[in-house]
Amino acid sequence: MITIRRAGDLDAREMADLLDAIIRKGGTTAHTDPVSRSTLLDWMQRDPQRSAWHVAEDEAGKILGFQFLEPHPELPSDACDIATFVRLGQTGLGVGSKLFEASKRAARDLGYSWINATIRADNEGGLAYYQSRGFDNHARHAGIALGNGQFVDRIGKRYDLT
């Protein structure tokens, strides 16, 4: 059974460990440097009035994934950006689907009219995930440099809440 709840400060260590494993594996996230508990706590406090963070956990309380939405300086004020991270080996089990249901509700409650997801063009799983949630392509950004010097294209996907 998967439970979704708001993320809190005490989740930051486990969330950082989950994201670090994804970063080490490579190929799906634009993040290339390790993240720490304090990094996650900083992210969670960037704009607490206009953001929402959720975790998915199993019956034992182990975090299976997390998702957050927040404003982004390159988006209009009625749009938020979303990011999703699911523990390696836990994809395809409904974690992302359950997280997105909570994030949609939160986005509406925060007054957003649409959600933006920016995904690496080589991240087939991420592209498929957002497509299956109903996101449509709205932008392509070519040759974006990652922190490790690699260049990737990124796809902007849009989900209208109205």
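Right above here is the structure, for reference.
Not measured: the values here are computed from a predicted model.

A.B. asks: What should I look at first to understand the sheet that holds strand E7 (residues 151–160) in this one?
C.D. replies: Backbone hydrogen bonds are what pair the strands of a sheet, in a parallel or an antiparallel way. Here we have seven strands laid out as an open sheet, ordered E1-E2-E3-E4-E5-E7-E6, and mixed in their pairing. On the outer flanks of this sheet lie strand E1 (3–6) and strand E6 (136–145), each paired with one strand and no other. For this sheet, the mean angle separating the axes of adjacent strands, direction not counted, is 25°. By the bridge criterion, four bridges tie strand E4 (residues 79–86) to strand E5 (residues 114–120) in an arrangement that is parallel. Note on E5: the bridge partner recorded for Asp81 is Asn116. On top of the sheet, helix H3 (residues 95–109) reaches E1, strand E2 (52–57), strand E3 (63–70), E4, E5 and E7; it is set at about 30° to E3, its chief contact.

A.B. asks: It is not clear to me how the side chain of Arg120 should be interpreted in this structure. Could you clarify?
C.D. replies: Summarising the element assignment, Arg120 is placed in strand E5. Within the structure, Arg120 has its side chain in polar contact with the side chain of Asp122 (distance 2.8 Å).

A.B. asks: What should I look at first to understand the packing of aromatic side chains in this one?
C.D. replies: By convention here, two paired aromatic rings are described through the distance between centres and the angle between planes. Within the structure shown, the criterion is met by nine aromatic pairs. On the basis of an interplanar angle of 50° and a centroid distance of 5.5 Å, the ring pair of Phe100 and Phe135 is categorised as tilted. On the criterion of sequence distance, the pair formed by Phe100 in helix H3 and Phe135 in the loop between helix H4 (124–132) and E6 is long-range, its members being 35 residues apart. Note on Phe135: relative accessible area 0%, which makes it buried. One aromatic cluster is present, built from ring pairs that chain together Trp43, Trp53, Phe66, Phe68 and Phe85. Its guanidinium or amino end placed over the ring of Trp114, Arg158 lies 4.0 Å from that ring's centre, counting from NZ or CZ.

What counts, and at which threshold
Residues numbered from 1 in each chain as written. Predicted model: local features only at pLDDT ≥ 70, side-chain atom pairs only at ≥ 80, totals over all residues. Heavy atoms only, no water. Pairing = 2+ DSSP bridges. Helix = DSSP H or I, 4+ residues; strand = E, 2+ residues; numbered from the N terminus. Axes fitted to C-alpha atoms, helices over the stretch in contact; angles between N-to-C directions. Contact = heavy atoms within 4.5 Å. Polar contact = N/O pair within 3.5 Å; in protein donor to acceptor, adjacent residues only side chain to side chain. Phe/Tyr/Trp six-rings, centres within 6.5 Å; stacked < 30°, edge-to-face > 60°. Buried < 20%, exposed > 50% of the residue type's maximum accessible area, 1.4 Å probe, protein only. Lys NZ or Arg CZ within 6 Å of the ring centre and 35° of its normal.

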